[in-house]
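# Descriptive analysis of the structure
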Amino acid sequence: MVATCVMSGCKDPETIESYRIEKSKSGLSNFDKVGGPASSETAASPARPSGMVKDRMVVAIANRPDATWYFKITGPVDAVTATESQWRPFLDKISFNQQGTPQWELPDGWAVGGAAPMRFATLVIQPEQPPLELRVSRLGPNQDPVSNVNRWRKQLQLPDISAASMNLTTIDNPNVKLELFDEQGVAGSSGMT
């Protein structure tokens with residue numbers, strides 16, 4: 001057996017060693033500052049550097065028997081609010097044809113943007129800086145509203161909320177029931193955009 005070990009290169013098994021490092025020296029303390037608690041409803045929003053522009057995200061949700069449609073705008077609060085007189089009437093008039101496809105009439109000054117993955121359409125509200133788009137996407141029917149709301153809140157660096165805390169309003173559209181998500185935060189890169 002000794003000859004077999006010598007010929008095959010046997011050596012003492014490596015041992016696993018563990019160390020204790022103060023959190024402040026490990027780099028993990030920086031991790032706490034980035035996202036904060038993921039599921040606490042009462043946790044404060046992460047600290048924002050002074051001068052950072054707040055963003056507004058508006059998502060109109062159409063739960064249809066064959067699909068769930070999303071009409072999403074994200075941009076600086078001032079830009080989204082300044083164009084509300086255009087996008088709000090647009091959302092009030094959306095309809096769906098017999099094939100289940102949304103139908104609309106573009107407001108003056110809007111344009112159809114380029115194609116993008118996972119997007120049905122991109123509608124350019126304003127091309128100048130900051131550019132502002134209304135993105136139309138489609139997912140399967142019966143989407144979980146709480147999961148979607150929390151995904152959007154994460155994109156705005158806001159904490160998760162429960163179904164009881166959701167504050168979706170209904171858009172006054174005679175053609176289709178639309179629920180509206182409308183929140184402000186600091187747009188980040190987490191989740192789908």
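The following refers to the structure shown. Here the structure is a predicted model, which means the values were calculated and not measured.

The rules behind these values
Residues numbered from 1 in each chain as written. Predicted model: local features only at pLDDT ≥ 70, side-chain atom pairs only at ≥ 80, totals over all residues. Heavy atoms only, no water. Helix = DSSP H or I, 4+ residues; strand = E, 2+ residues; numbered from the N terminus. Buried < 20%, exposed > 50% of the residue type's maximum accessible area, 1.4 Å probe, protein only. Areas by Shrake-Rupley, 256 points an atom, 1.4 Å probe, with all protein chains shown as cover. Phe/Tyr/Trp six-rings, centres within 6.5 Å; stacked < 30°, edge-to-face > 60°. Pairing = 2+ DSSP bridges. Contact = heavy atoms within 4.5 Å. Axes fitted to C-alpha atoms, helices over the stretch in contact; angles between N-to-C directions. Polar contact = N/O pair within 3.5 Å; in protein donor to acceptor, adjacent residues only side chain to side chain. Arc of directions from axis to C-beta. Core = buried A, V, L, I, M, F, W, Y, C linked by side-chain atoms within 4.5 Å.

### Side note on the overall build of the protein
In terms of regular secondary structure, the protein is built from six helices and nine strands. Scored against the burial criterion, the 193 residues of the protein give a buried share of 32%. In the structure as shown, the protein presents an accessible area of about 12400 Å², 53% of it carried by carbon and sulfur atoms.

### Things to note about the packing of aromatic side chains
Under the counting rule described, the total for this entry stands at seven aromatic pairs. Measuring from ring centre to ring centre gives 5.0 Å for Phe 90 and Trp 110, while their planes differ by 40°; the resulting arrangement is tilted. Note that Phe 90 is positioned in helix α5 (residues 84–93) and Trp 110 in the loop between β4 (102–103) and β5 (111–112), a separation of 20 residues in sequence. When its relative accessible area of 5% is taken as the criterion, Phe 90 is described as buried. In this structure Trp 110 comes out as buried when scored by relative accessible area, which is 8%. Aromatic pair Trp 104 and Phe 120: ring centres 6.4 Å apart, planes at 90°, arrangement edge-to-face. Here Trp 104 is found in the loop between β4 and β5, whereas its partner Phe 120 is found in the loop between β5 and β6 (121–126), with 16 residues between them in sequence.

### Examining the sheet that holds strand β7 (residues 132–139)
Taking strand neighbours across the sheet as the criterion, the seven strands line up as β5-β6-β7-β2-β1-β9-β8 in an open arrangement whose pairing is antiparallel. The open sheet has two free edges, formed respectively by β5 and β8 (169–171), since each of these has just one partner strand. Of the pairings in the sheet, the one linking β8 to strand β9 (residues 178–185) comprises three bridges and is antiparallel in character. Paired with Thr 169 across the strands is Leu 180, a residue of β9. Of the strands in this sheet, β1 (55–63), β2 (68–76), β6, β7, β8 and β9 are in contact with α5, which crosses β1 at around 10°.

### What to know about the side chain of Thr 122
Examined against the element boundaries, Thr 122 turns out to sit in strand β6. Polar side-chain contacts of Thr 122 include one of 3.3 Å to the backbone oxygen of Gly 114. There is a polar contact of 2.8 Å between the side chain of Thr 122 and the side chain of Arg 119. When residues no more than four places from it in sequence are discounted, the contact partners of Thr 122 are Ala 111, Val 112, Gly 113, Gly 114, Glu 133 and Leu 134.

### Topic: α5
Inspection of α5 places Trp 87, Phe 90 and Leu 91 among the buried residues, and these make up the whole buried set. Summarising the axial view, the buried residues of α5 lie within an arc of 95°, below the 170-degree limit, and thus occupy one face. Of the residues in α5, the exposed ones pointing more than 90 degrees away from the buried face are Ser 85 and Lys 93.

### Things to note about the environment of Ile 94
Summarising the element assignment, Ile 94 is placed in the loop between α5 and β3 (95–96). Relative accessible area serves as the criterion here: at 0%, Ile 94 is assigned to the buried category. As a C-alpha pair, Ile 94 and Asn 173 span 79 residues in sequence and 7.5 Å in three-dimensional space. Beyond its immediate chain neighbours, meaning those up to four positions away, Ile 94 contacts Phe 71, Pro 102, Gln 103, Asn 173, Asn 175 and Val 176.

### Some words on the nonpolar core
Phe 71, Trp 87, Leu 91 and Leu 134 are the most contacted members of the largest nonpolar core, which has 25 residues in total. Elements supplying a minimum of two residues to this core: β1, β2, α4 (77–82), α5, β6, β7 and β9. Those residues in contact with Trp 87, other than ones at most four positions away along the chain, are Arg 56, Val 58, Ile 73, Val 80, Trp 110 and Ile 125. Core analysis: the next-biggest nonpolar cluster, separate from the first, contains 10 residues, Met 57, Ile 61, Leu 158 and Phe 181 among them.

Note that all results are geometric; they support no functional claim without further evidence.
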